[in-house]
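Results of the structural survey
For reference, the chains in residue letters:
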Amino acid sequence: MKHYPTTHSHLSGDRVADVREISVGNYRTQPHEHDEYMFLLPRTGQLIINVEPNAAPLWVAPMSFVMVPPRRLHDTRAYQADQEHIAVYVASDFVGYCERKAQGALSCTQISTRSAPLPLLKAVRLATETGSREGGDLAIYRKELTARMVAATCVEAGLMVERAPLSAAQARRELVNDIQTYLDSTLDRSVGLDRIAYEFSLSRRTLTRMFREEVGNSIVEYQSRQRVRRAAVLLQAPDMTVVAAAAAVGLDSPSYLARLFKKYGEALPRSFKL
């Protein structure tokens, strides 16, 4: 197991946040501390972190995160060769600014792992997809704004009221709820299983098995049922056409929408009959 180098400060000048992708596996760090808040979000494999004064190490899995306050002695390690995680460093002043905006208190008296909410996962994905391929000040400015958005979303997640640790069944149910929310928000376009698995850092096999066990039907079945329900509501509007309703739920063919209505026992709107 190799040692991973660390540093006290990750921000320079007037920067308030930095988002880093780390793809170093089978490593551990020496005990150290940072001048900034640090948020760790695993992507592949679990991280193990010791933070003073916690007596026991924390296991941080994908779809969760841990927050380490400034000047708190800690060390991390990972045993998988293909370990990947995101580290978000946030200036203390910016955390205080977000805290005042939220009119709450950052819950950092007890360091614990928490389920990463969907907005945080989306913000991190956007930041890691915002590369610096284009040159110029505008690209740098855009990247800095994205880092600020991720930092604010991290702090917002950290401001959440401490909850009792989720059981494995509760964590699984919460993850499936987030997947359903994502599916409902993307009914207007074609989103395949590979894309959904990528969004939630799951393998395609794990995604399909877990969803069927929790919901009772496949992801494709769920999407079809939700499209029928939404189209049925849309077609109640006087000026809504079948073509427009089908397009609004991500279908190119009005006749296919009609077949879905029949399949799921929905009464065909008059517009179909006409």
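Figured I'd write up the structure that's included with this text. Not measured: the values here are computed from a predicted model.

Under the counting rule described, the total for this entry stands at 14 salt bridges. Taking the shortest distance from any N to any O, the salt bridge between Arg-20 and Asp-18 comes out at 2.5 Å. When its relative accessible area of 34% is taken as the criterion, Arg-20 is described as partly exposed. Overall, Asp-18 belongs to the buried group, its relative accessible area being 10%.

Core analysis: the largest hydrophobic core is formed by 46 residues, its most contacted members being Phe-39, Val-88, Ile-179 and Ile-196. Not counting residues within four places of it along the chain, the set of residues in contact with Ile-196 comprises Ile-179, Tyr-182, Leu-183, Val-191, Leu-207, Ile-219 and Gln-223. With 15 residues, the next largest nonpolar core counts Tyr-27, Val-66, Ala-78 and Ile-111 among its residues.

For the rest of this paragraph, the subject is a nonpolar patch on the surface. Together, Leu-138, Tyr-141 and Leu-145 give the surface a local cluster of nonpolar side chains, amounting to about 350 Å² of exposed area. For Leu-145, a relative accessible area of 40% corresponds to the partly exposed category.

Using the criterion set out here, one finds 3 aromatic pairs in the structure. Seen from their ring centres, Phe-39 and Phe-65 are 6.3 Å apart, and the 35° between their planes marks the pair as tilted. One end of the pair, Phe-39, is in strand β4 (residues 37-44); the other, Phe-65, is in strand β7 (residues 64-68), and 26 residues separate them in sequence. Each member of the pair, Phe-39 as well as Phe-65, carries the same accessibility label: buried.

In this section: the sheet that holds strand β5 (residues 47-51). Here we have 5 strands laid out as an open sheet, ordered β1-β3-β8-β5-β6, and mixed in their pairing. Lying at the two open borders of the sheet, with one neighbouring strand each, are β1 (2-3) and β6 (58-60). Pairing of β1 with strand β3 (residues 27-28) involves 2 bridges; the strand directions are parallel. Within the sheet, the bridge partner assigned to Lys-2 lies in β3 and is Tyr-27.

Each α-helix turn comprises 3.6 residues. Residues three or four places apart therefore point the same way. Taking 1.5 Å of rise per residue, the 12 residues of helix α6 (residues 204-215) would be expected to cover 16 Å, and the 16 Å separating its terminal C-alpha atoms lies within 8% of that figure. Here α6 has its buried residues at Leu-207, Met-210 and Phe-211. Projection of α6 onto a plane perpendicular to its axis shows the buried side chains occupying an angular sector of 100°, all on one side. Two residues or fewer after α6 comes Gly-216, characterised by a positive phi angle close to 100°.

Reading the values: rules and limits
Residues numbered from 1 in each chain as written. Predicted model: local features only at pLDDT ≥ 70, side-chain atom pairs only at ≥ 80, totals over all residues. Heavy atoms only, no water. Salt bridge = Lys/Arg side-chain N within 4 Å of Asp/Glu carboxyl O. Buried < 20%, exposed > 50% of the residue type's maximum accessible area, 1.4 Å probe, protein only. Core = buried A, V, L, I, M, F, W, Y, C linked by side-chain atoms within 4.5 Å. Contact = heavy atoms within 4.5 Å. Patch = residues over 30% accessible without salt bridge, like charges linked within 9 Å, V, L, I, M, F, W, Y side chains within 5 Å. Areas by Shrake-Rupley, 256 points an atom, 1.4 Å probe, with all protein chains shown as cover. Phe/Tyr/Trp six-rings, centres within 6.5 Å; stacked < 30°, edge-to-face > 60°. Helix = DSSP H or I, 4+ residues; strand = E, 2+ residues; numbered from the N terminus. Pairing = 2+ DSSP bridges. Expected span 1.5 Å × (residues − 1). Arc of directions from axis to C-beta.

Worth remembering: the numbers are spatial, not functional.
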